[in-house]
Amino acid sequence: MVELEIDGKKVEITEGSMVMHAADKAGTYIPHFCYHKKLSIAANCRMCLVDVEKAPKPMPACATPVTQGMIVRTKSEKAIKAQQSVMEFLLINHPLDCPICDQGGECQLQDLAVGYGGSSSRYEEEKRVVFHKDVGPLISMEEMSRCIHCTRCVRFGQEVAGVMELGMIHRGEHSEITTVLGETVDSELSGNMIDLCPVGALTSKPFRYSARTWELSRRKSVSPHDSTGANLIVQVKNNKVMRVVPLENEEVNECWIADRDRFSYEALNSDERLTQPMLKQGGQWQAVDWQTALEYVANGLRQIKTDHGASAIGALVSPHSTVEELALASSLVRGLGSDNIDYRLRNADFTPSSGIRWLGTSIASLSQLQRVLVVGSNLRKDHPLFAQRIRQAARKGAAVHSINSSVELASRDAWAMSIAGSQTMPSSDWARALGNLATAIGAEKGVSAPAAGEADDAAKTLAKSLMGGERKAILLGNAAAHHPQASQLLATAQWIGEQTGATVGYLTEAANTVGAQWVGATPRNGGLNAAQMLKGGLKAVLLLNNEPEFDSAIGANAPAGLEHSQMVVTLSPFKANLAFSDVLLPIAPFTETPGTFVNAEGRVQSFHAVVKPLGGARPAWKVLRVLGNMLGLQGFDFESSQEVLAHVQGAQDAASTHIPAGRLSNAAPAGVELSAAADGAGVLPAVAAIYQLDGLVRRATSLQLTADARGQAVRGTAPMLDGVSA
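Residues numbered from 1 in each chain as written. Predicted model: local features only at pLDDT ≥ 70, side-chain atom pairs only at ≥ 80, totals over all residues. Heavy atoms only, no water.

- Going by what an unreviewed UniProt entry lists, the chain is known as NADH-quinone oxidoreductase and is assigned to Variovorax humicola.
- The Sequence similarities (unreviewed entry) comment attached to the chain in UniProt states, word for word, "Belongs to the complex I 75 kDa subunit family."
- Regarding the chain, the UniProt comment filed under Catalytic activity (unreviewed entry) reads as follows: "a quinone + NADH + 5 H(+)(in) = a quinol + NAD(+) + 4 H(+)(out)". (UniProt positions renumbered as here; feature names shortened; annotations may be inferred.)

## Quick look at the state of the cysteines
Working step 1: Enumeration according to the criterion identifies zero disulfides in this entry.
Working step 2: No disulfide involves Cys 107; its nearest neighbouring cysteine sulfur is the one of Cys 101, lying 6.2 Å away.
Working step 3: Cys 197 supplies the cysteine sulfur nearest to Cys 150, a cysteine that is in no disulfide, at a spacing of 6.1 Å.
Working step 4: Residue Cys 150 is classed as buried on the basis of its relative accessible area of 8%. (Disulfide = S-S within 2.5 Å. Buried < 20%, exposed > 50% of the residue type's maximum accessible area, 1.4 Å probe, protein only.)

## Points about the pattern of salt bridges
Working step 1: Scanning all chains against the criterion turns up 32 salt bridges.
Working step 2: The residue Asp 134 makes a salt bridge to Lys 205 at a minimum N-O spacing of 3.3 Å. Note that Asp 134 is positioned in strand E6 (residues 133–134) and Lys 205 in the loop between strand E10 (203–204) and strand E11 (217–222), a separation of 71 residues in sequence.
Working step 3: Several salt bridges share partner residues, and in doing so they unite Glu 272, Arg 346, Glu 509, Glu 547, Asp 551, Arg 698 and Arg 699 into one network. (Salt bridge = Lys/Arg side-chain N within 4 Å of Asp/Glu carboxyl O. Helix = DSSP H or I, 4+ residues; strand = E, 2+ residues; numbered from the N terminus.)

## Quick word on the pairing of strand E16 (residues 313–317)
Working step 1: The buried fraction of E16 is high, at five of five residues.
Working step 2: Side chains Ile 313, Ala 315 and Val 317 project from E16 onto one buried face, and the interleaved Gly 314 and Leu 316 project onto a second face that is buried too.
Working step 3: Across three bridges, the pairing between E16 and strand E17 (residues 340–342) is parallel. Looking at E17, one finds that Ala 315 is bridged to Ile 341.
Working step 4: With helix H8 (residues 323–335) bridging E16 and the parallel E17, this β-α-β connection has right-handed handedness. (Pairing = 2+ DSSP bridges. Right-handed = clockwise from strand over helix to strand, strands pointing away.)

## A few points about the sheet that holds E6
Working step 1: Across the sheet, which stays open at both edges, the three strands sit in the order E6-E7-E10 with antiparallel pairing between neighbours. The sheet is open, and its two borders are formed by E6 and E10, each paired with just one other strand.
Working step 2: With two bridges connecting them, strand E7 (residues 139–141) and E10 associate as antiparallel partners. The partner of Ile 139 across the bridge, within E10, is Ser 204.

Okay, structure coming up:
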């Protein structure tokens, strides 16, 4: 530790830290532009010049290491004059367009110009002009004359996103930030550059000119997309969501969010929104009131139960629904006497698990790993924020390995250089690859491997890597979870983890995949699983917040199976499933309902509604509660979503922020035979592409214009069910 003095305050900080870090610890603000706590030090804006005793000239606080006994003055005449001089230079070419700039009101340059800028400029020369650039549908670079060359966006691409899409060309006054080749910015984390930009050079294209920052209310929420559970600030004007930005949480998403978290809000007020209940009569959709719609559903369920028995009723629920919605949907189905409920629409293996499957470690620990094996996941697209955490580990020297059916990372990705021994092969060979790895580890340790495999060179290289290091993890991705041999992959991975000291876990697909398991949204006691229900095994089907045509393993074949049902009830925020539904009930998306999501690490995160429901939409937990009451079922007397959550948690864990550790388990199912044979040949796991994951991102206009969305909608074809190819 080193002790120094900043503006008369004694500060003790780790040796090797910079003056800026010491100032942060002391609570002293030093003006800056290029410095950011999550990026490398560039020291190119010079705004943070401070007066260091015995130094011949002002020194940049962000790049000056602390020394024992150092005395720093941030408010001396020498420091203030230096900072004012830097501000004068920054404003030479900066356009005076604050009244029309989207950054106005939240601009770092604007704020610091008040404190350090002059009331007039001494320069009379013409200001330089930088022509605008079109870099895609998400980021606007139409006012690059405002750029102050802090290079935050460039460093973000290199160090966090992993793809250097922006760079600086030319020198001096002619310098400019550009994509060099005129390409678009396609990173799945690109929107964070908007937050990083301290001026109005990079702004949000969908939000552009739609509101002023001081007109917006700011409300906390949680992302409903992937399993990170990213914390959000939703900004609202006139009961309409206008913008979404990150809420900093070091344990979950740090200060970043993925583009689908940031821009999916466009779907919330789209023409696709369902705003009133509808019944199909004579093949035509008719708008009705809630009472009529719910009575129709309740009477239909009673009649089908009477005619065909409770086992003819079932529910297909989405893992993007809240804990409260999933709990009440489960109670409704089971209250009717059925056990047909499932959230695993994309799965091909429905072997019951012994516990709640989860990440197997904390999200924050991913940044500190020394060895990582990822099976069946394109991390960058499936879990962008997990990918950037593992990229941090790779930058610190971690060896990252993958077994996948496609090239995991673009060749220009800065992370690609750190991947050692990645194996690309058909998904049907993954079990064999893990079996080979187990055999190589067994030979290295002198123990018997559970599956007869061949210790080839690739397996030996991977085995040696996994047996080194201390902090290790084997992560099974969406494709591994949806794989026909999912249980076998897990069992082999567990054995490898036990032998190497690595944690084993699932990345988990959706915002509430862990929560769906927690509330028991899976069949028990012989109930039908999702695949059986989708093949037409029911007379009455409740579809909660999903579209089987896009969200299930059988894809386009889903309508054919559901058309055999006498009544299909869709609860959705959107006009969905029109071809085969009989009733549409408009439910509120995550911004219009209170609820809870449980992320991959088992963290329980509740949120409130940030706006009122649109039109006649209602929170799904209320719709299910009323439906339960109309059917005369027990346990539907909740007055709030908090009461539903408390019922799920129980008195013992009511105040817990995590699912009890005893409930979490990635143990392989008992009796799984381990074999290196390719039993899954010809059957590809269904995995949603980055902007096809759920109904919100599918209807977000700007996201659907990106390069990722223009690619394949679903990577891999759906599995064959009973010999019928999807």
